[in-house]
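Below are the chains, spelled out letter by letter.
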Amino acid sequence: MTTMTDTSNAARFREFKMPDVGEGLTEAEILKWYVQPGDTVTDGQVVCEVETAKAAVELPIPFDGVVHELRFPEGTTVDVGQVIIAVDVAPGSGDATPAPAAEPAPVAQPEPEPEAPKGRQPVLVGYGVSESSTKRRARKGTAAAASAAATAIQSEMNGHAAVVPESRPLAKPPVRKLAKDLGIDLATVVPTGEGGIITREDVHAAAKPVPAQAPAPVAAPVAAATAPEAAVSAPAVVTTVGARETRIPVKGVRKAIAQAMVGSAFTAPHVTEFVTVDVTRTMKLVAELKEDKDMAGVRVNPLLIIAKALLVAIKRNPEVNAAWDEANQEIVQKHYVNLGIAAATPRGLIVPNIKDAHEQTLPQLAASLGELVSTAREGKTSPAAMAGGTVTITNVGVFGVDTGTPILNPGESAILAVGAIKLQPWVHKGKVKSRQVTTLALSFDHRLVDGELGSKVLADVAAILEQPKHLITWA
């Protein structure tokens, strides 16, 4: 029977669940906690940063209170709907222990799905989080032990761990992360901390190579035998001391890139065409625009003119701005251009896009490009900013590369690669002169873009870059 105290505690403690931060993503990795137990939080305050398969996103909490418990440490991948933080919304009003669940679940086994909780669930505005299918287990021992147990079960459900040992080593989240980074199995570490807790010093000691002449400790053969399994199942970067290889689990942005590229390469028949063009006049235009007062406050570079050239080429050849609908066996022609710009970030390649780029003036397009690039570099690009692209530009020239054969962004029909702009000998007005030259490569989906159409688009872009006056005559 539920007592009045249990009911009061249940109302006192509110749980914040991992939301779906965009496009039906099913999981996210906790990158950083901005709060700790005991900290006061207010409605709308950012409490953590998570990384989805799309981008890094900061999560605000939708109520006031005092942080009671962080359910998962940094570096843990958590399913959407899982409780990640518990908050005491009425601190100082009695027993600070949340009401336990009716039936405790064993730590080493995933829990069966209970009935969905009734009543309105706290969500972030507009995220549409579904109700969680996770029931809280009874608290045993300290809060740290309960948090560690939750982490073990969550990792197993996500496929990041094999079998949870019956006696889980005691260690704080930062120590666990250190062990994962060093490739150390905590089960093999001898704890020296109070109450059998493994410390950072214990992990560093375990990471030191054992001299050949010294007798190996009892746990050493176990560590050696389980090293390959640990390398496969650990959720963080795994390195083996003295080894010649490092195994990095595929997750987050890298996992999304891999899936998207494989899906695109083996679904859409790619054709890539190339053209080398004299862009000397374009470079002169860039220099002039930098001094133009109408362009003050925005960044002017060759990519801006290339982007505008592609938009004009699409206007002249609108059939290229389309998508293939396999389910309905239809070609979907887009009457808008969401221009994607491939951006290399510390977390991997992302392709945010400028919405309705075809409607923007040159100064507006310059401002949009600047904002897109700066946001990507800061790792703050939202999933919405990467959704709905129609065509993409990838500037491989910034790496000194002449050209490439770009793979289509899924759902798009064309991608333009821009090579490095270099001084080269070029025949100009019947004489060999030093001119600024680049190579363009256009990949397109041959299911809906014929060779003639793809060639026209690429030729138009090249013609504009050679003679920028076409931005006016063809616009």
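Residues numbered from 1 in each chain as written. Predicted model: local features only at pLDDT ≥ 70, side-chain atom pairs only at ≥ 80, totals over all residues. Heavy atoms only, no water.

A few points about the packing of helix H8 (residues 302–316) against helix H9 (residues 362–377)
- Across the interface, H8 lies against H9 with an axial gap of 10 Å and an inter-helix angle of 120 degrees. When the interaxial angle is binned, H8 and H9 end up oblique. In the packing of H8 onto H9, the handedness of the crossing is right-handed. Listed contacts from H9 to Leu303, Leu304, Ala307, Lys308 and Leu311 of H8 are Leu362, Leu365, Ala366 and Leu369.
- Grouping the constituent residues of the contact of H8 with H9 by class yields eight nonpolar, no polar and one charged. (Axes fitted to C-alpha atoms, helices over the stretch in contact; angles between N-to-C directions. Helix = DSSP H or I, 4+ residues; strand = E, 2+ residues; numbered from the N terminus. Parallel < 35°, antiparallel > 145°, perpendicular 65-115°, else oblique. Left-handed = near helix turned anticlockwise from the far one by under 90°. Contact = heavy atoms within 4.5 Å. Nonpolar A, V, L, I, M, F, W, Y, C, P; charged D, E, K, R; others polar.)

Topic: the nonpolar core
- Within the largest apolar cluster, 46 residues are counted, with the highest numbers of intra-cluster contacts made by Leu310, Leu339, Ile393, Leu416 and Leu440.
- Broken down by secondary-structure element, the contributors of at least two residues to this core are helix H7 (280–290), H8, strand E16 (339–341), H9, strand E20 (391–395), strand E21 (414–418), strand E23 (431–445) and helix H10 (451–466).
- The greatest single-element share of this core, amounting to 11 residues, is contributed by H8.
- The residues touching isoleucine 393, leaving out its near neighbours within four places in the chain, are Leu303, Ile306, Ala307, Leu310, Leu339, Gly340, Ile341, Ala342, Leu416 and Val418.
- Core analysis: the second largest hydrophobic core is formed by 21 residues, Phe16, Ile30, Ile61 and Phe72 among them. (Core = buried A, V, L, I, M, F, W, Y, C linked by side-chain atoms within 4.5 Å. Buried < 20%, exposed > 50% of the residue type's maximum accessible area, 1.4 Å probe, protein only.)

A look at the pairing of strand E4 (residues 46–51)
- Taking burial as the measure, the six residues of E4 include five buried ones, the bulk of the element.
- For strand E2 (residues 27–33) and E4, the ladder comprises four bridges, and the chain directions are antiparallel. Residue tryptophan 33 lies in a different strand from E4, and its bridge partner there is cysteine 48. (Pairing = 2+ DSSP bridges.)

Here's the deal with the environment of proline 191
- Here proline 191 lies in the loop between helix H3 (173–182) and strand E10 (197–198).
- A relative accessible area of 36% means that proline 191 is categorised as partly exposed.
- Between the C-alpha atom of proline 191 and that of alanine 171, which follows or precedes it by 20 residues, the distance is 8.9 Å.
- Every residue in contact with proline 191, bar those within four places of it in the chain, is listed here: Gly196, Ile197, Ile198 and Asp202.

Side note on a nonpolar patch on the surface
- A contiguous nonpolar surface patch, about 310 Å² in accessible area, is contributed by Val398, Phe399 and Val401.
- With respect to the secondary-structure elements, phenylalanine 399 resides in the loop between E20 and E21.
- Classification of phenylalanine 399 as exposed rests on a relative accessible area of 62%. (Patch = residues over 30% accessible without salt bridge, like charges linked within 9 Å, V, L, I, M, F, W, Y side chains within 5 Å. Areas by Shrake-Rupley, 256 points an atom, 1.4 Å probe, with all protein chains shown as cover. Salt bridge = Lys/Arg side-chain N within 4 Å of Asp/Glu carboxyl O.)

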